[in-house]
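# Chain and residue survey
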Amino acid sequence: MEPLTDKQVRDSFVNASKGEVQRLNLPDLDALDWDRLDLLGWVDPKAPLAAHLVVATDDGPVGVVLRRNPSGAGPRRARMCSLCTTTHAGQGVALMVARRAGKAGRDGNTVGLDICASLQCSAYARGLLPPPAMTTAHETLSVEERVARLRRNALAFVERVRS
């Protein structure tokens, strides 16, 4: 992923008001290893139910504000992230819900997806984080193929939010 500035990240959000975007707590963008990111995702440390995802598209970066399930809510069984297909036990995957962009979102329409609770999907797809401590099927795809799948899944999700 190409490095983004604070302004580029804030301008990318398609499902948030200008006020919401200005109040976002961004990660330290200068400290990120952009060469190892296929998407930018973070949980707001001051509001742990708020998460954010920025995906590079042909039209430029597209950001989505997400709302995470409260801690302890939802099933405790193993679940798979819909973006990177990493399987986690317990609360390692969270249902994240995004308001749709535009009028549909203002009318209350949302899109939900099970995503790694830490939003570290790039690191899992690239093998930079050890797989979660549980029995998983052995992945036979190369790192490049896992990264391509992650990008396809992230772009499909962003398109669902934008449409």
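These notes cover the structure that comes with them. As the structure is a computational prediction, the values presented were derived from the model and not from experiment.

### Regarding the pattern of salt bridges
For the structure shown, the criterion picks out nine salt bridges. Across the salt bridge formed by R79 and D114, the nearest N and O atoms sit 2.6 Å from each other. With a gap of 35 residues between them, R79 in strand 4 (residues 79–80) and D114 in strand 7 (residues 110–116) connect regions that are remote in the sequence. For D114, a relative accessible area of 24% gives the class partly exposed. The salt bridge involving K103 is made with D107; its shortest N-O contact spans 2.7 Å. Of the residues examined, K103 reaches a relative accessible area of 53% and is grouped as exposed. With a relative accessible area of 51%, D107 lands in the exposed category. Here the residues in one salt-bridge network are D59, E159 and R162, joined through shared partners.

### Thoughts on the side chain of D44
Take D44: it is sitting in the loop between strand 1 (40–43) and strand 2 (50–57). Of the buried charged residues, D44 lacks a salt bridge, with K46 as the closest side chain of opposite charge at 6.8 Å. Separated by 3.0 Å, the side chains of D44 and N25 make a polar contact. Contact partners of D44, with chain neighbours within four places excluded, come to N25, A50 and H52.

### Quick word on the packing of aromatic side chains
Following the criterion strictly, the structure yields one aromatic pair and no others. With centroids separated by 6.4 Å and ring planes inclined at 85 degrees, the aromatic side chains of F13 and W42 adopt a geometry described as edge-to-face. You can see F13 sitting in the loop between helix 1 (6–12) and helix 2 (18–22) and its partner W42 sitting in strand 1, a full 29 residues away along the chain. Residue W42 is classed as buried on the basis of its relative accessible area, which comes to 6%.

Calculation rules
- Residues numbered from 1 in each chain as written.
- Predicted model: local features only at pLDDT ≥ 70, side-chain atom pairs only at ≥ 80, totals over all residues.
- Heavy atoms only, no water.
- Salt bridge = Lys/Arg side-chain N within 4 Å of Asp/Glu carboxyl O.
- Helix = DSSP H or I, 4+ residues; strand = E, 2+ residues; numbered from the N terminus.
- Buried < 20%, exposed > 50% of the residue type's maximum accessible area, 1.4 Å probe, protein only.
- Lys, Arg positive; Asp, Glu negative; His and termini not counted.
- Polar contact = N/O pair within 3.5 Å; in protein donor to acceptor, adjacent residues only side chain to side chain.
- Contact = heavy atoms within 4.5 Å.
- Phe/Tyr/Trp six-rings, centres within 6.5 Å; stacked < 30°, edge-to-face > 60°.

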